[in-house]
There are 2 protein chains.
Amino acid sequence: MWNALERADGFLSAQEVFDAVRGTGERVGLATVYRRLQALVDGGDVDVLRGEDGEALYRACRTSEHHHHLICRNCGASVEIKSTAIERWAAESARKHGFTDVTHTAELYGRCRRCS
Amino acid sequence: MWNALERADGFLSAQEVFDAVRGTGERVGLATVYRRLQALVDGGDVDVLRGEDGEALYRACRTSEHHHHLICRNCGASVEIKSTAIERWAAESARKHGFTDVTHTAELYGRCRRCS
DNA sequence: GCGATACCGACAATCATTCTCATTAAGCGG
DNA sequence: CCGCTTAATGAGAATGATTGTCGGTATCGC
């Protein structure tokens, strides 16, 4: 399961992970895939985000630091992006409106060079 | 339907809109709620975003311009935010990695003044 | 080896969302 | 007002992702 995520260089849905694992001949249940993915997410080893249709997408990330993603909406390939601009903007906006304890999500969706 | 969205000053799920409309005595089907909400979204009159569990949440927005939200994770109240910094960051990042046709999502979650 | 325990796979259940289709409402020329 | 065409609607079935259930199995300390 971990291998499947590492090998893919983009986000995979739970179904895709399931198919990939099955493809290696390993006999595994779909429920287990969800359980293990959730465990990986809880452990901080995998990033999860919601596609535009609300489906959960998983990815093994190279860094455990806070970062964002640039995702190809065609092939799923993704690039990790760090940005101080976003962090600054988030903190600034929160302060201006009296909000505390603020977190944020930010993802970019487009077509990668190959899929253009 | 529009009234229900306007009256709430936070995001509502499709089910909540459905309940609100039914509460007024209006006889309407759930499928119609989804259809009309989608139409409103397409027309730019309503914003939609995905909650952390993937559920679609709708809100009547005051401006039809592109903007983001600062949302209280306790009471659901939200503030609309415009930011040129984000737009610049998105365009810049996309260009740098050869992505085209890029859109983005960015939301801030925190506790509003009253809920702090 | 033995019992306690955690994990697992198969499948049923749930929940949001979409699809289907017969029905109804609305526009319109006569 | 009438009949006809067309778009929108409601009810409920269908779909698809995700989660729960439960009997079975591998594991570990003793």
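Residues numbered from 1 in each chain as written. Chains lettered and ligands numbered in written order. Predicted model: local features only at pLDDT ≥ 70, side-chain atom pairs only at ≥ 80, totals over all residues. Heavy atoms only, no water.

**Quick look at the overall build of chain A**
Line of reasoning, step 1. Along the backbone of chain A there are 4 helices and 6 strands.
Line of reasoning, step 2. Its helices and strands taken in sequence order, chain A reads α-β-α-α-β-β-β-β-α-β from the N to the C terminus.
Line of reasoning, step 3. Relative to its full complement of 116 residues, chain A shows a buried share of 45%.
Line of reasoning, step 4. Restricting the contact set of chain A to residue pairs at least 6 apart, pairs at least 24 apart contribute 48%.
Line of reasoning, step 5. When the accessible surface of chain A is totalled, it reaches about 6,400 Å², and 47% of it is carbon and sulfur.
Line of reasoning, step 6. On chain A, the mean spot of the 16 positive side-chain charges and the mean spot of the 17 negative ones are 3 Å from each other. (Helix = DSSP H or I, 4+ residues; strand = E, 2+ residues; numbered from the N terminus. Buried < 20%, exposed > 50% of the residue type's maximum accessible area, 1.4 Å probe, protein only. Contact = heavy atoms within 4.5 Å. Areas by Shrake-Rupley, 256 points an atom, 1.4 Å probe, with all protein chains shown as cover. Lys, Arg positive; Asp, Glu negative; His and termini not counted. Charge placed at Lys NZ, Arg CZ, Asp CG, Glu CD.)

**Here we look at the relation of the copies chain A and chain B**
Two copies of the chain are present, and they differ by a rotation about an axis and a shift along that axis.
Line of reasoning, step 1. Screw-axis analysis of chain A against chain B gives a translation of 0.1 Å along the axis, an RMSD of 0.9 Å, and a rotation angle of 179 degrees. Here the two chains are linked by the operation of a two-fold rotation axis. Among all residues of chain A, the minimum C-alpha distance to the rotation axis is found for Ala106 of chain A, at 2.0 Å.
Line of reasoning, step 2. Taken together, the interface assignments show that 97% of the residues at the interface of chain A recur at the interface of chain B, consistent with an identical surface on both copies. (Least-squares fit on C-alpha atoms with pLDDT ≥ 70 in both.)

**Some thoughts on the sheet that holds strand β2 (residues 46–50) of chain B**
Think of a sheet as strands paired side by side through backbone hydrogen bonds, with each pair either parallel or antiparallel.
All names here are of chain B.
Line of reasoning, step 1. Strand order in the open sheet formed by 3 strands is β1-β3-β2, and the pairing between neighbours is antiparallel. Only two strands of the sheet have a single partner each, and these edge strands are β1 (12–13) and β2.
Line of reasoning, step 2. In this sheet, strand β3 (residues 56–60) lies alongside β1 in antiparallel orientation, the contact comprising 2 bridges. Note that in β3 the partner of Ser13 across the bridge is Leu57. (Pairing = 2+ DSSP bridges.)

**Thoughts on the protein's contact with DNA strand D**
Line of reasoning, step 1. In the vicinity of DNA strand D, 16 residues are found, and the nearest of them are Tyr34 and Ala56 of chain A together with Arg27, Thr32 and Arg35 of chain B.
Line of reasoning, step 2. In DNA strand D, the atoms that sit within 4 Å of the protein are 59% sugar and phosphate, with bases accounting for the remainder.
Line of reasoning, step 3. At 3.3 Å, a side-chain N or O of Arg22 of chain B approaches a phosphate oxygen of DNA strand D.
Line of reasoning, step 4. Between DNA strand D and Arg27 of chain B there is a distance of 2.8 Å, counted from a phosphate oxygen to a backbone nitrogen or oxygen.
Line of reasoning, step 5. Breaking the surface near DNA strand D down by element, the ones donating at least two residues are α3 (30–42) of chain A together with α3 (30–42) of chain B.
Line of reasoning, step 6. Taken together, the residues of the surface near DNA strand D break down into 7 nonpolar, 2 polar and 7 charged. (Near = heavy atom within 4 Å. Polar contact = N/O pair within 3.5 Å; in protein donor to acceptor, adjacent residues only side chain to side chain. Nonpolar A, V, L, I, M, F, W, Y, C, P; charged D, E, K, R; others polar.)

**Digging into the sheet that holds strand β4 (residues 68–72) of chain A**
Line of reasoning, step 1. Taken in spatial order, the 6 strands line up as β5(A)-β4(A)-β6(A)-β6(B)-β4(B)-β5(B) in an open sheet, and their pairing is mixed. Of all the strands in the sheet, the pair left with one neighbour each is β5 (78–81) of chain A together with β5 (78–81) of chain B. The sheet shows a mean angle of 20 degrees between the axes of neighbouring strands, direction not considered. (Axes fitted to C-alpha atoms, helices over the stretch in contact; angles between N-to-C directions.)

**Remarks on α3 of chain B**
Residue and element names in this part refer to chain B.
Line of reasoning, step 1. Under the 1.5 Å per step criterion, the end-to-end length of α3 is 18 Å for 13 residues, consistent within 8% with the ideal 18 Å.
Line of reasoning, step 2. Where α3 is concerned, the buried positions are Val33, Leu37, Leu40 and Val41. Seen end-on, α3 carries its buried residues on one side only, within an arc spanning 100 degrees. The outward face of α3, more than 90 degrees from its buried face, is lined by the exposed residues Arg35 and Asp42.
Line of reasoning, step 3. On its buried face, α3 sits against α1 (2–7), α2 (14–23), β2 and β3.
Line of reasoning, step 4. One or two positions beyond α3, positive phi appears at Gly44, with a value near 80 degrees. (Expected span 1.5 Å × (residues − 1). Arc of directions from axis to C-beta.)

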